[in-house]
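A structural walkthrough
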Amino acid sequence: MVKNKQDISEKDPPALHSHIAAAFGTCWVVLMAYLYGFDRLSSAVTATLAADPAILFNVGPHLDLPRLIASLFWLACLFGAAALGGRLLLRCFKFEDLSFHEEILFGLGIGLGACSLLALALGLAGVFSPIMLRVFFIGMGIVVLSLHAWHPISKDILASQLPTSGKISPSSAIAGMLIAALVLINLIGAMAPPVFYDTLVYHLALPKLYLINHRIFPTPHNVYSGVPFNTEMLYAVGLALGGESLATLIPWGLSIAILYAIAVWARRFADGQVGLIAALLFYSCPMVAIATWFGLVELNWCFFNLLAVLALLIGLERSAHFGPLWFMVIGVFAGLAGGVKYNALTILGGIPALLLWTRIRRQGRDWTQWAPEAGLFLLAALVAVSPWLLKNQVFYHNPIFPLFNEFFTGASGGPDWQGLLQDAHARNLRATFTTWRGFTDLFSVPWSKEWEGSGMHSTGIALLLFIPWLFFARKRSGQEAPSVYQSLSWILAFNWATWGLSSRLPRFFIFSIPLLAILLAMSLLSRSGGAGFRRSIAWVVILACIPNCCLIFNYWFKLGGWKVVLGQESRSEYLLHGQPGYFT
């Protein structure tokens, strides 16, 4: 069991140059508010306050309450069985010093990844009918529960606790209420009929096509069919168990899992207030909310990436309690992230580089230990992502179909993979490094989307307001290894660099937003500032997140999907309207 009371001094971020930071921070906040638009901020808040809350409680004749309850029930069963099953697998290796919540969190990642790969296996074996999937996964859930009956977890639950600040402060209560309100808004948004192009063309369309045909088969006419489908396989399980309404709830469930991961991180490395502020900064990001509504895959990428980083931090901190196999667990999470999108495979460079830095800095240790650790990590990651590469090799004779198809098959006139890259807003590296506009764009995206007023690609103003605090940190010295803060900073910088050089699409940056939120919370709520300073900063962060919450509510209200969920409008009536995800 993890010790709650540890030497926080090595885990806190470096102290801020308080006077310089305060002066610069004030100027930066005023400048960003001016550029963002005082009118836009005030109008967002005004529009939210002008909405009639009674509309949301006006239940219409089209309400299908049993379906909504059933979807939530099946979602809880799917995630619960995945967490317990993954925990059983994790406990087979007897990793010491993992808390109950860490076992459940990492178990959930392993379980969801196993569900995806098992669904792929069933599809390739030609037993992919909804009935077969129901029988298989319900049967697996019963087996998992039976195995846990020999080791009840009720005592573990009672003995464990997530971080709290002791007495709940007013700022913590307000932050918690904002998060709870966003959770409810996102739940209703996720239950609405899907309308986004990507979701309709392949995220849900291809799994449904496979279910209709009872097997996974080549579909080269759909250029997206060769990308990794870890999330889409989860959608297929959702479609089989509870239909479309369950499948579209999976991103919402993943967003809750990410909040849980932030809380688990705070339990080991910080305190409840830091975890709560980090959770608010993450969950009030408009892009995150939109990803839960539109049935996208970025939150699954984000979840696995966060698990890999958290597992790495635990391994670095308590290396004496974890053997080499732990680096394989980290690799599995990295590989599962790569099984969501190829872009996620960039972490295969970031983690070994951080490991090398750590081993070199440790005093009295041979840094050549890095080679087996990095090797095990890379091996596990490649094994986790390999099913998708093998499937493509068999179906299309190109393991990374449709990319570079002519080089693998020698055939011309195949899938338009250049168009696929353009659709993903792939960055033109030549223009980036040979033109001033391209070079400045490398540093301005995704924040420039704020000035354009893009709802779907908005990061909100809160993150942008506090980023300078990351650069006002004094560097600690005298430690034998990088601190948690330094390690997170390295991973975040690496993620930003690899994302920025590969794509201009802001929602592809969602996978790094939890890390950014955690770093900002650590910087802003440093213990060196004192209790009064922490309380003041917490209120500043909450006030900065309120416009984000208003932007989310206004966009959610404008989309109108909530009318279908609450029964005020039928599904067919809603889908007759033009939607922002449609091509026109």
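Residues numbered from 1 in each chain as written. Predicted model: local features only at pLDDT ≥ 70, side-chain atom pairs only at ≥ 80, totals over all residues. Heavy atoms only, no water.

Overview of the overall build of the chain
- In terms of regular secondary structure, the chain is built from 29 helices and zero strands.
- Scored against the burial criterion, the 584 residues of the chain give a buried share of 56%.
- In the chain, 80% of the contacts between residues at least 6 apart in sequence involve partners at least 24 apart.
- For the chain, the accessible area works out to roughly 24500 Å², and carbon and sulfur atoms hold 68% of it. (Helix = DSSP H or I, 4+ residues; strand = E, 2+ residues; numbered from the N terminus. Buried < 20%, exposed > 50% of the residue type's maximum accessible area, 1.4 Å probe, protein only. Contact = heavy atoms within 4.5 Å. Areas by Shrake-Rupley, 256 points an atom, 1.4 Å probe, with all protein chains shown as cover.)

Some points on the nonpolar core
- Of all hydrophobic cores here, the largest spans 183 residues; its most connected members are Phe106, Trp265, Leu281, Phe282, Trp293, Phe303 and Leu488.
- Here this core gets 15 residues from one element, more than from any other, and that element is helix α15 (residues 298-317).
- Those residues in contact with tryptophan 265 that lie beyond four places of it in its chain are Ala270, Val274, Leu310, Leu313, Val484, Leu488, Ile518 and Met522. (Core = buried A, V, L, I, M, F, W, Y, C linked by side-chain atoms within 4.5 Å.)

Description of the side chain of serine 255
- By the secondary structure assignment, serine 255 is in helix α12 (residues 250-269).
- Serine 255 has contacts with Phe282, Tyr283, Thr292 and Leu299, leaving out every residue within four places of it along the chain.

Focus: the packing of helix α7 (residues 170-191) against α12
- Close contact between α7 and α12 brings their axes to 10 Å; oriented N to C, the two are set at 160 degrees. As judged from the angle between their axes, α7 and α12 are roughly antiparallel. For the pair α7 and α12, contact is made by Ile179, Val183, Asn186, Leu187 and Ala190 and by Trp252, Ile256 and Leu259, respectively.
- When its residues are assigned to classes, the contact of α7 with α12 shows seven nonpolar, one polar and no charged. (Axes fitted to C-alpha atoms, helices over the stretch in contact; angles between N-to-C directions. Parallel < 35°, antiparallel > 145°, perpendicular 65-115°, else oblique. Nonpolar A, V, L, I, M, F, W, Y, C, P; charged D, E, K, R; others polar.)

Observations concerning unusual backbone geometry
- Along the chain, phenylalanine 401 connects to proline 402 via a cis peptide bond; the corresponding omega equals 5 degrees.
- By the element assignment, proline 402 lies in the loop between α18 (370-396) and α19 (405-409).
- One non-glycine residue with positive phi stands out, namely histidine 214, at about 65 degrees.
- With respect to the secondary-structure elements, histidine 214 resides in the loop between α9 (205-213) and α10 (230-242).
- Residue histidine 214 is classed as partly exposed on the basis of its relative accessible area of 39%.
- Within the chain, phenylalanine 404 stands out as a residue other than glycine whose phi angle is a positive 55 degrees.

Details of the pattern of salt bridges
- Tallied over the entire structure, the rule returns twelve salt bridges.
- Across the pair aspartate 271 and arginine 534 runs a salt bridge, and its minimum N-O distance is 2.9 Å. Of this pair, aspartate 271 sits in the loop between α12 and α13 (272-283) while arginine 534 sits in helix α27 (residues 531-559), placing them 263 residues apart in sequence. Across the pair, arginine 534 and aspartate 271 agree in class, each one buried.
- With a shortest N-O distance of 4.0 Å, glutamate 298 and lysine 341 are connected by a salt bridge. (Salt bridge = Lys/Arg side-chain N within 4 Å of Asp/Glu carboxyl O.)

Observations concerning the confidence of the model for the chain
- Residues of the chain with pLDDT of at least 70 account for 84%, and the chain-wide mean is 84.
- Here residues 1-12 is a poorly scored stretch, pLDDT under 50, and it has 23 contacts once near neighbours within four places are set aside; other chains count.
- The low-confidence segment residues 474-481 (pLDDT under 50) makes 19 contacts with residues lying over four places distant or belonging to another chain. (pLDDT = per-residue confidence, 0-100.)

Considering a nonpolar patch on the surface
- Taken together, the side chains of Leu429, Phe433, Trp436, Phe439, Phe443 and Leu501 make up a nonpolar region of the molecular surface, amounting to roughly 660 Å² of accessible area.
- Of all the secondary-structure elements, those providing two or more residues to the nonpolar patch are α21 (429-434) and α22 (436-444).
- Looking at which element gives the most residues to the nonpolar patch, the answer is α22, with three residues.
- You can see phenylalanine 443 is positioned in helix α22. (Patch = residues over 30% accessible without salt bridge, like charges linked within 9 Å, V, L, I, M, F, W, Y side chains within 5 Å.)

Thoughts on the side chain of arginine 267
- In this fold, arginine 267 is placed in helix α12.
- This buried residue, arginine 267, is left without a salt bridge; glutamate 102 holds the nearest opposite charge, at 5.7 Å.
- There is a polar contact of 3.5 Å between the side chain of arginine 267 and the side chain of serine 99. (Lys, Arg positive; Asp, Glu negative; His and termini not counted. Polar contact = N/O pair within 3.5 Å; in protein donor to acceptor, adjacent residues only side chain to side chain.)

Looking at helix α3 (residues 65-91)
- Over its 27 residues, α3 extends 39 Å from the first C-alpha to the last, a length consistent with the 39 Å expected when each residue adds 1.5 Å.
- Leu68, Ser71, Leu75, Leu78, Phe79, Ala82, Ala83, Leu84, Gly85, Gly86, Arg87 and Leu90 are the residues of α3 that are buried. (Expected span 1.5 Å × (residues − 1).)

Section: the packing of aromatic side chains
- One pass over the full model with this rule turns up 28 aromatic pairs.
- Between tryptophan 265 and phenylalanine 269, the ring centres sit 6.5 Å apart and the planes meet at 35 degrees, which makes this aromatic pair tilted. Of this pair, tryptophan 265 and phenylalanine 269 both sit in helix α12, separated by four residues, roughly a single helical turn. Each member of the pair tryptophan 265 and phenylalanine 269 is classed as buried.
- Consider the rings of tryptophan 436 and phenylalanine 439, whose centres lie 6.3 Å apart with planes at 35 degrees: the pair is tilted. Residue tryptophan 436 and its partner phenylalanine 439 are both found in helix α22; the two are separated by three residues, about one turn of the helix.
- Cluster of aromatic residues (ring-pair linked, three or more members): Phe93, Phe95, Phe106, Trp326 and Phe333. (Phe/Tyr/Trp six-rings, centres within 6.5 Å; stacked < 30°, edge-to-face > 60°.)

Points about the packing of helix α17 (residues 347-361) against α18
- Closest axis-to-axis distance for the α17/α18 pair is 10 Å, and the angle between their directions is 165 degrees. With respect to their mutual orientation, α17 and α18 come out roughly antiparallel. Read as a crossing pair, α17 and α18 show a hand that is right-handed. Residue-level inspection shows Ile347, Leu348, Ile351, Pro352, Leu355, Leu356 and Arg359 of α17 in contact with α18, the latter providing Trp370, Glu373, Ala374, Phe377, Leu378, Ala381 and Leu382. (Left-handed = near helix turned anticlockwise from the far one by under 90°.)

Regarding the environment of phenylalanine 73
- Assignment of secondary structure puts phenylalanine 73 in helix α3.
- For the pair phenylalanine 73 and leucine 246, spaced 173 residues apart in sequence, the C-alpha separation works out to 9.2 Å.

Observations concerning the environment of leucine 316
- Relative to the helices and strands, leucine 316 resides in helix α15.
- Each C-alpha atom of the pair leucine 316 and arginine 359 lies 9.7 Å from the other, and the pair is 43 residues apart in sequence.

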